[in-house]
Amino acid sequence: MFSMENNRSSDDQKIYVTRPFLPPLEEFMPFLRQIWDSKSLTNFGPFHRQLEERLCEYLGVEYISLLNNGTNALIVALKALDVSGEVITTPYSFAATTHALAWCNIKPVFVDIDPCTLNLDPSKLEEVITPQTSAILPVHCYGNPCDVDSIQAIADAFNLKVIYDAAHAFGVKCHCGSLLNHGDLSVLSFHATKVFNTFEGGAIISRDSKTKERIDLLTNFGFDHEDNVVASGTNAKLNEFQAALGLLQLDYIDQVLSRRAEIDARYREAIHEIAGLTCISKRHQEVANYSYFPILVEDDYPLSRNDLCLRLKNDGIIARKYFFPLISQYPVYRDLPSASDSRLTVSAEAASRVLCLPIYPELTSSDQARVIRLLCY
Ligand code: T4K
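Residues numbered from 1 in each chain as written. Predicted model: local features only at pLDDT ≥ 70, side-chain atom pairs only at ≥ 80, totals over all residues. Heavy atoms only, no water.

Describing the environment of I295
Checked against the element boundaries, I295 lands in strand β14 (residues 293-297). What makes I295 buried here is its relative accessible area of 0%. For the pair I295 and C356, spaced 61 residues apart in sequence, the C-alpha to C-alpha distance is 6.2 Å. Residue contacts for I295: discarding those within four places in its chain leaves I271, L277, T278, L308, R353, V354, L355, L357 and L375. (Helix = DSSP H or I, 4+ residues; strand = E, 2+ residues; numbered from the N terminus. Buried < 20%, exposed > 50% of the residue type's maximum accessible area, 1.4 Å probe, protein only. Contact = heavy atoms within 4.5 Å.)

Below you can see the structure in the form of structure tokens.
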């Protein structure tokens with residue numbers, strides 16, 4: 001069997017927060033040959049359609065649309081549902097979550113997070129809803145499910161749409177099956193740094209065929225057929241090279257996830273013994289994807305978070321502060337009334353303490369031991 005641990009080039013001594021998984025190159029060559037022979041390169045070609053079918057089956061969802069990245073997928077999702085006015089979202093995420101709103105001329109309204117899951121706190125949603133609020137944009141941060149039932153109950157009560165930024169949540173299952181079936185739409189990222197990658201890529205999961213059709217149309221300039229443009233769409237299509245890579249990646253996804261699970265378990269065991277470091281709890285989760293390994297550096301740890309990050313860096317270990325700074329602290333958003341630090345204390349605390357440790361299938365056991373040794377004091 002193909003060994004994940006031996007797939008790393010020997011001259012690369014650095015340990016990164018993540019490394020993309022790539023299947024053996026020779027297995028990709030027949031796909032390339034087919035693309036070369038058919039000259040079908042993009043615009044919903046045969047590999048694109050096959051990948052949609054296989055992903056629906058693998059993820060346990062009914063409709064999926066493939067796009068060229070997760071950010072465009074968020075923007076298209078917002079456009080597809082005609083979201084406007086104000087949208088409630090989390091400041092504790094990657095820039096793309098809020099930037100997607102800004103690109104649609106929507107005002108972000110930041111709400112604080114739950115201290116256990118680091119996801120949007122449903123108990124704080126109601127107080128910020130105004131007549132202008134049209135949707136909620138929560139993030140399943142690190143692949144940990146949001147409290148989807150509470151969020152849906154509020155959305156139903158106030159007639160709001162829910163679009164989940166599920167960029168980290170490929171393959172995650174909650175109490176009732178695929179997490180991606182919650183809300184009106186869920187958005188995935190297939191970026192190189194993600195559990196499942198197509199170099200760049202993304203997807204939108206929808207609940208009915210009409211919505212999928214609208215998403216596909218918006219992804220392709222708004223064409224409904226060659227003589228008719230019915231909406232001001234964009235070009236956000238995934239090409240055949242990337243779709244083919246996705247098909248091959250799917251053959252390895254179970255191996256990728258089980259190697260990630262081993263690494264996750266080993267970190268948890270080790271960190272349990274280290275005073276001052278805590279792991280994020282896995283609530284609301286039946287099947288995890290181990291997409292990140294965040295730890296929180298507490299006051300009783302001998303180093304600050306930044307000093308621990310530096311200590312690792314000095315040894316060639318590139319951990320990352322996902323997500324510091326908060327999006328609400330970016331100069332472009334910090335003047336919004338909802339961005340005030342006093343309203344976002346849990347988020348600020350998490351952002352000041354979090355450090356994501358290296359986790360990826362080719363992280364060797366000895367490299368992981370090196371990381372753990374440096375955490376111990
Ligand atoms: N929503 C959420 C919640 C997200 O986290 C993201 C993306 C999005 C939406 C948007 O989805 P996309 O539009 O990206 O599909 C990275 C990724 O670029 C970004 O996709 C991701 N979230 C974010 C959390 O992380 P950076 O700027 O930290 O990536 P970078 O280039 O520093 O890479 C991190 C490490 O990964 C490097 O130190 C080494 C390794 N790496 C990276 C790349 C790109 C490789 O080994 N090879 C590579 O090709 O943002």
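Quick word on the packing of helix α7 (residues 240-272) against helix α10 (residues 365-375)
Think of two packed helices as two axes; the pair is described by the angle between the axes and how far apart they sit. Between α7 and α10, the least distance of the axes is 11 Å, while the angle of their chain directions is 25 degrees. Taken together, the axis directions place α7 and α10 in an arrangement best described as roughly parallel. In this structure, α7 crosses over α10, and the sense of that crossing is right-handed. Residue-level contacts link R259, I263, R266, Y267, A270 and I271 of α7 to S365, Q368, A369, V371, I372 and L375 of α10. When grouped by side-chain class, the residues that make up the contact of α7 with α10 number eight nonpolar, two polar and two charged. (Axes fitted to C-alpha atoms, helices over the stretch in contact; angles between N-to-C directions. Parallel < 35°, antiparallel > 145°, perpendicular 65-115°, else oblique. Left-handed = near helix turned anticlockwise from the far one by under 90°. Nonpolar A, V, L, I, M, F, W, Y, C, P; charged D, E, K, R; others polar.)

A look at the pattern of salt bridges
Enumeration over the complete set of coordinates arrives at 14 salt bridges. For E52, the salt bridge identified is with K212, shortest N-O distance 3.1 Å. Highlighted residues: E52 in helix α2 (residues 46-59) and K212 in helix α6 (residues 209-219), separated in sequence by 160 residues. Comparing E52 with K212, the two get one shared label, buried. One salt bridge connects R54 with D251, and the closest N-O pair in it is separated by 3.1 Å. With a gap of 197 residues between them, R54 in helix α2 and D251 in helix α7 connect regions that are remote in the sequence. Assessed through its relative accessible area of 34%, R54 is described here as partly exposed. Three or more residues are tied together by salt bridges with common partners; here these are E298, D299, E349 and R353. (Salt bridge = Lys/Arg side-chain N within 4 Å of Asp/Glu carboxyl O.)

Thoughts on the site of the ligand
In the vicinity of the ligand there are 25 residues, among which R19, T71, D165, S189 and Y322 approach most closely. Contact distances for the ligand include 3.4 Å between an oxygen atom and a backbone N or O atom of T18. At 2.7 Å, a side-chain N or O of S189 approaches an oxygen atom of the ligand. In isolation the ligand has 910 Å² of accessible area, and contact with the protein removes 77% of it. Elements that contribute at least two residues to the shell around the ligand include exactly α3 (70-80) and α4 (95-103). Residues that form the shell around the ligand fall into these classes: ten nonpolar, eleven polar and four charged. (Near = heavy atom within 4 Å. Polar contact = N/O pair within 3.5 Å; in protein donor to acceptor, adjacent residues only side chain to side chain. Areas by Shrake-Rupley, 256 points an atom, 1.4 Å probe, with all protein chains shown as cover.)

With respect to the nonpolar core
Residues L51, L55, F170 and L188 are the most contacted members of the largest nonpolar core, which totals 53 residues. The element that contributes the greatest number of residues to this core is α7, accounting for ten residues. A domain split of this core shows at least three residues from each of domain 1 (25-247) and domain 2 (253-375). Once you skip the residues sitting within four places of it in the chain, L55 turns out to touch G60, I64, L66, F170, F190, F196 and L250. (Core = buried A, V, L, I, M, F, W, Y, C linked by side-chain atoms within 4.5 Å. Domains from an automatic or database assignment.)

Description of unusual backbone geometry
The amide bond that connects Y322 to the next residue, F323, takes the cis arrangement and shows omega of 15 degrees. Note that F323 resides in the loop between β15 (317-318) and α9 (345-353). Despite not being glycine, K39 has its phi angle at roughly 60 degrees, a positive value. Position of K39 among the secondary structure elements: in the loop between α1 (25-38) and α2. Its relative accessible area of 67% is what places K39 among the exposed residues.

Overview of the packing of aromatic side chains
Tallied over the entire structure, the rule returns 19 aromatic pairs. Measuring from ring centre to ring centre gives 5.9 Å for Y92 and F323, while their planes differ by 85 degrees; the resulting arrangement is edge-to-face. Here the residue Y92 occupies a position in the loop between β3 (86-89) and α4, and F323 occupies one in the loop between β15 and α9, the gap between them amounting to 231 residues. For the residue pair Y92 and F323, the accessibility class agrees, reading buried in each case. (Phe/Tyr/Trp six-rings, centres within 6.5 Å; stacked < 30°, edge-to-face > 60°.)

Everything listed is a geometric property; what it means functionally is a separate question.
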